[in-house]
Amino acid sequence: MKKPNIAIVGATGLVGSTFLKVLEERDFPFDNLYLMASAKSAGTVVPFRGVDYTVEELSERSFDKPIDIALFSAG
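Presented here is an overview of the structure given in this document. Please read all numbers here as calculations on a predicted model, not as lab measurements.

1. Brief notes about the sheet that holds strand E6 (residues 69–72)
Sheet strands pair by backbone hydrogen bonding; their relative direction is either parallel or antiparallel.
Here comes step 1: Ordered in space as E5-E2-E1-E6, the four strands form an open sheet in which the pairing is parallel. Edge strands, defined here as strands with exactly one partner in the open sheet, are strand E5 (56–57) and E6.
Here comes step 2: Across four bridges, the pairing between strand E1 (residues 6–9) and strand E2 (residues 33–37) is parallel. Each bridged residue has a counterpart across the sheet, and for Val9 the counterpart in E2 is Met36.

In structure tokens, the structure reads:
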């Protein structure tokens, strides 16, 4: 079975960090992880499972990637 590609919108906020915590606690398998947030948070580096992920600004083209699961926490 193929591991899913996951996107988290609002990744730098409280709920977004909770999404990451739950993925870690459940040892949820994934192939790619895309972290997205507002322009203010874009460029923030978030460590997760030993990898540093750079948060990208959410835009109209953000979902042009092969995303299987999207978790949203946008105000």
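2. A word on the packing of aromatic side chains
Here comes step 1: Inspection of every chain in the model, using the stated rule, returns two aromatic pairs.
Here comes step 2: The interplanar angle of 20° and the centroid separation of 5.8 Å between the aromatic rings of Phe63 and Phe72 together place this pair among those described as stacked.
Here comes step 3: You can call Phe63 partly exposed: its relative accessible area is 34%.
Here comes step 4: Judged by its relative accessible area of 53%, Phe72 falls in the exposed class.
Here comes step 5: Sitting over the ring of Tyr34, Lys65 keeps its end group 5.7 Å from the ring centre.

Each value, and the rule that gives it
- Residues numbered from 1 in each chain as written.
- Predicted model: local features only at pLDDT ≥ 70, side-chain atom pairs only at ≥ 80, totals over all residues.
- Heavy atoms only, no water.
- Pairing = 2+ DSSP bridges.
- Helix = DSSP H or I, 4+ residues; strand = E, 2+ residues; numbered from the N terminus.
- Phe/Tyr/Trp six-rings, centres within 6.5 Å; stacked < 30°, edge-to-face > 60°.
- Buried < 20%, exposed > 50% of the residue type's maximum accessible area, 1.4 Å probe, protein only.
- Lys NZ or Arg CZ within 6 Å of the ring centre and 35° of its normal.

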